[in-house]
Amino acid sequence: MASAEQGQRVLLQGNEAVVHGAIAAGCRFFAGYPITPASEISELLSVMLPKVGGTFIQMEDEIASMGAIIGASLAGVKSMTATSGPGFSLMQENLGYACITEVPCVVVNVMRGGPSTGLPTNVSQGDVLMARWGTHGDHPIIVLAVSSVSDCFSITVRAFNLSEKYRVPVILLSDEVVAHTRESVVLPSQDKVRVVDRIAPSVPPQWYKPYADNNRGVPDMAAFGEGYRHHVTGLVHDERGFPTQQPKEIESFLMRLHDKITKGFSEIMITKNHLMEDAEVCVIAYGCVSRAALMAIKMARQHGIKAGLLQLVTLFPFPRKAVDAALRQCKAAIVPELNLGQMAREINRVNQTGTRIIKHNRIDGQMITPNEILKQILGVS
Amino acid sequence: MVVETEVIRREYLRHDKKFPHVWCPGCGNGIVLGSLLRAIHGLGLPKDDVVVVSGIGCSSRMTTYIDFNTLHTTHGRALTFATGVKLAKPRLKVIAVMGDGDATAIGGNHFIHAARRNISITAIIVNNSTYGMTGGQYSPTTPYGSRSTTSVYGHVEHDFSIAELAVTAGASFVARGTVYHAAQLDKLLEEAMSKRGFSVVEVISNCHVQHGRRNKLGDAVTMITGFRDRAVPVAKAAKMTAEEMQGKFSIGVLCDVDKPVSTEEYERIRSEACQLKS
């Protein structure tokens, strides 16, 4: 297992880079259950966490893992779990608990073919909508997708920072190809990594209201054992944390959960433009597929076609503004995905200009190649 | 030591919070709550250092009413959250309050693994042989032949002995008490909370509204005094035959052993790994 000194050029696989990103972001607790293709994250963290004073535990299942990271986060420690599709299914109930109790944590889902046990060692992007809507109830959540080893480091750091700032669980979607691809990267030294921590209350304990609204819409968060005794429950609660069934309190609480994310839209929306300045045809992609798409638009340029790539890093909340701009600019958008069109559905939803949207899908466990995407680009030019 | 109820009431309940409580008149949960608070008071634990975690159901509402760091989690998962809290901040005293269905049906796997792991958490399991809050369906401790809303023809499955399950799974301390034997329960809870490692106290309690009514077991007082008649001290029970123990159960300390505690072992690993690095 490769270990990396920050600031040096190292050869790492995506899963290892997630670990380095997590440690750099301040993650000091990991609970998980082994599953292909996410297991390397557990393995490396079991080695690295105790060295930085953190804790690793292999729980009895994924439900337990999700519960444990919520408990650890409430005790004031940044925490994470990592899994793949079947395990992610099991985590959904407690993920909802983290949403309603506003407990910061990061859940990495290294996607593999599904449904069910599916294709354990094959790539997929089939869990995109599950990441958004897998748990019950109306709730906001942040979902980020990584496409490279360097992304695995930097976007993991971003995931922790957004989670801490907005007190919301953040789903990091990786996939089998990104997870196991080895690339040469330079990890930034710790002093170059921007780390955001949750804001602790500054009022005396008797004044503390654990779920009180403020100008950020994100309540200050006290850790257990620091003198701010408070109640945490998965029931809809009032600003003091106690169960409520008052319609006014229910609605204002649930709306605040959504509003705090809305207020942060510009910071949360991460997209990357490649050759989009003069693009007439664009590819909208994310995860490993965006790598093939980048190659494809470069090949298209050699054919004299003005093609560009809009890479989505934030999948949810849906980066409508960036997608809208790309759709307005281009006559056609190609959406290649390793599913039957889960993000294409979202893109269609915001397509105000009637731009032609062409889905390109594979669900046979194989990657989408640059040539396949190029063929689609040539088809619309 | 007899503790003044008034002191406990004033010191540990959340008066300005969500009272009245949700429990039915005569419910054993109130007795368990009283014992829990007297045990914490008796041990002199600072309120800021106590975390009480609960699952879902009647007994799990206990966390709402008491003035500690409290965590009301998802059904069956109290021990998983408690494990995270304890590992992240080992100096905290972590207590998990669960019901029988909570701890041994939906949470059965977490329960046996917490015991196997021997993590320093105290599990209090209020066993009233039914799913009370959700309407009186059968639970893993509903006796064979009993009636419930999901076994109206008589229950065809056999019940768990929670305490014996905990012993087998590897808990360091296991005891069984009842809501009739409140003074003994105070003591058992104190012992459990002072124990290094995973400690379990099964408390036989009454649900006269759901379980009792359907099985003609009488009102709260009848059910609770019934525990007096059916409970046999552990030492005495050991000398009795299976026939003599029919319809009875043992109370007291079933298991008290010392073995390595995972939370403490991990702290050792952590300090060794930190030194290795520097």
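Further up the page is the structure itself.
Presented here is an overview of the structure given in this document. (Residues numbered from 1 in each chain as written. Chains lettered and ligands numbered in written order. Predicted model: local features only at pLDDT ≥ 70, side-chain atom pairs only at ≥ 80, totals over all residues. Heavy atoms only, no water.)

Some details on the pattern of salt bridges
Residues and elements named next belong to chain B.
Then, in step 1: Scanning the model with the defined rule gives 34 salt bridges over all chains in all.
Then, in step 2: For the salt bridge of E6 with R9, the shortest nitrogen-to-oxygen distance reads 3.3 Å. Of this pair, E6 and R9 both sit in helix α1 (residues 5–12), separated by three residues, roughly a single helical turn.
Then, in step 3: A residue is classified by how much of its surface remains accessible, and E6, at 37% relative accessible area, is partly exposed.
Then, in step 4: Judged by its relative accessible area of 39%, R9 is partly exposed.
Then, in step 5: Note that R268 and E272 form a salt bridge whose closest N and O atoms lie 3.4 Å from each other. Taken as a pair, R268 and E272 lie in helix α13 (residues 262–277) at a separation of four residues, close to a single helical turn.
Then, in step 6: For R268, a relative accessible area of 39% puts it in the partly exposed group. (Salt bridge = Lys/Arg side-chain N within 4 Å of Asp/Glu carboxyl O. Helix = DSSP H or I, 4+ residues; strand = E, 2+ residues; numbered from the N terminus. Buried < 20%, exposed > 50% of the residue type's maximum accessible area, 1.4 Å probe, protein only.)

Here we look at the side chain of T122 of chain B
Then, in step 1: Within the secondary structure layout, T122 of chain B lies in strand β4 (residues 122–127).
Then, in step 2: Overall, the relative accessible area of 2% leaves T122 of chain B in the buried class.

Topic: the sheet that holds strand β6 (residues 199–204) of chain B
Pairing between the strands of a sheet comes from backbone hydrogen bonds, and it takes one of two forms, parallel or antiparallel.
Then, in step 1: In space, the nine strands of this open sheet follow the order β10(A)-β2(B)-β1(B)-β3(B)-β4(B)-β6(B)-β5(B)-β8(B)-β7(B), with mixed pairing throughout. Where the open sheet ends on each side, the last strands, each with one partner, are β10 (231–233) of chain A together with β7 (231–233) of chain B. Averaged over all adjacent pairs, the angle separating strand axes in this sheet is 20 degrees, with direction ignored.
Then, in step 2: Inspection of the sheet shows β4 of chain B paired to β6 of chain B by six bridges, in the parallel sense. The residue of β6 of chain B that forms the bridge with N127 of chain B is I204 of chain B.
Then, in step 3: The sheet contacts of helix α4 (residues 85–101) of chain A involve β10 of chain A together with β2 (69–72) of chain B, and relative to β10 of chain A the element is tilted by about 135 degrees.
Then, in step 4: Against the sheet, helix α2 (residues 29–43) of chain B engages β1 (50–54), β3 (93–99), β4 and β6 of chain B, with an angle of about 160 degrees to β4 of chain B. (Pairing = 2+ DSSP bridges. Axes fitted to C-alpha atoms, helices over the stretch in contact; angles between N-to-C directions. Contact = heavy atoms within 4.5 Å.)

Quick notes on the packing of aromatic side chains
Residues and elements named next belong to chain A.
Then, in step 1: Going through the model one piece at a time under the given rule, you end up with six aromatic pairs over all chains.
Then, in step 2: Aromatic side chains F30 and F56 sit 5.8 Å apart centroid to centroid with 5 degrees between the ring planes, which places their arrangement in the stacked category. Taken together, the positions of F30 in strand β2 (residues 29–32) and F56 in strand β3 (residues 55–58) put the pair 26 residues apart, joining distant regions of the chain. As far as burial versus exposure is concerned, F30 and F56 are alike and both buried.
Then, in step 3: The ring centre of W133 lies 3.8 Å from the NZ or CZ of R132, which sits over that ring. (Phe/Tyr/Trp six-rings, centres within 6.5 Å; stacked < 30°, edge-to-face > 60°. Lys NZ or Arg CZ within 6 Å of the ring centre and 35° of its normal.)

Here we look at the environment of G287 of chain A
All names here are of chain A.
Then, in step 1: Within the secondary structure layout, G287 lies in the loop between β12 (281–285) and α10 (289–302).
Then, in step 2: On the accessibility criterion, G287 (3% relative accessible area) is buried.
Then, in step 3: Measuring from C-alpha to C-alpha, the distance between G287 and I155 comes to 12 Å, with 132 residues separating the pair along the chain.
Then, in step 4: With sequence-adjacent residues up to four places away left out, G287 is seen in contact with Q125, A145, V146, S147 and D175.

A few points about the nonpolar core
Then, in step 1: Among the nonpolar cores identified, the biggest contains 86 residues, and I284 and L315 of chain A together with F198 of chain B are the most heavily contacted of them.
Then, in step 2: Apart from the residues within four sequence positions on either side, I284 of chain A is in contact with L310, L312, V323, L327, A333, I334, V335, P336 and I347 of chain A.
Then, in step 3: F56, V157, V193 and A285 of chain A belong to the second-largest nonpolar core, a separate cluster that totals 74 residues. (Core = buried A, V, L, I, M, F, W, Y, C linked by side-chain atoms within 4.5 Å.)

What about the environment of N161 of chain A?
Residues and elements named next belong to chain A.
Then, in step 1: Within the element layout of this structure, N161 appears in helix α6 (residues 149–166).
Then, in step 2: Under the relative-accessibility criterion, N161 is labelled buried at 6%.
Then, in step 3: In the structure, N161 is positioned 55 residues away from V106 in sequence and 9.8 Å away in space, judged by C-alpha atoms.
Then, in step 4: Those residues in contact with N161 that sit more than four places away from it in its chain are R194, V195 and V196.

Details of the pairing of strand β4 (residues 79–83) of chain A
Two faces belong to every sheet, and in a regular strand the side chains alternate between them.
All names here are of chain A.
Then, in step 1: Among the five residues that make up β4, five are buried, leaving the element largely enclosed by the rest of the structure.
Then, in step 2: Taking every second residue as pointing to the same face, both faces of β4 are buried, with S79, T81 and T83 on one and M80 and A82 on the other.
Then, in step 3: The pairing of β2 with β4 spans two bridges and is parallel. Note on β4: the bridge partner recorded for F30 is M80.
Then, in step 4: Of the pairings in the sheet, the one linking β4 to strand β5 (residues 105–113) comprises four bridges and is parallel in character. Within the sheet, the bridge partner assigned to M80 lies in β5 and is V106.

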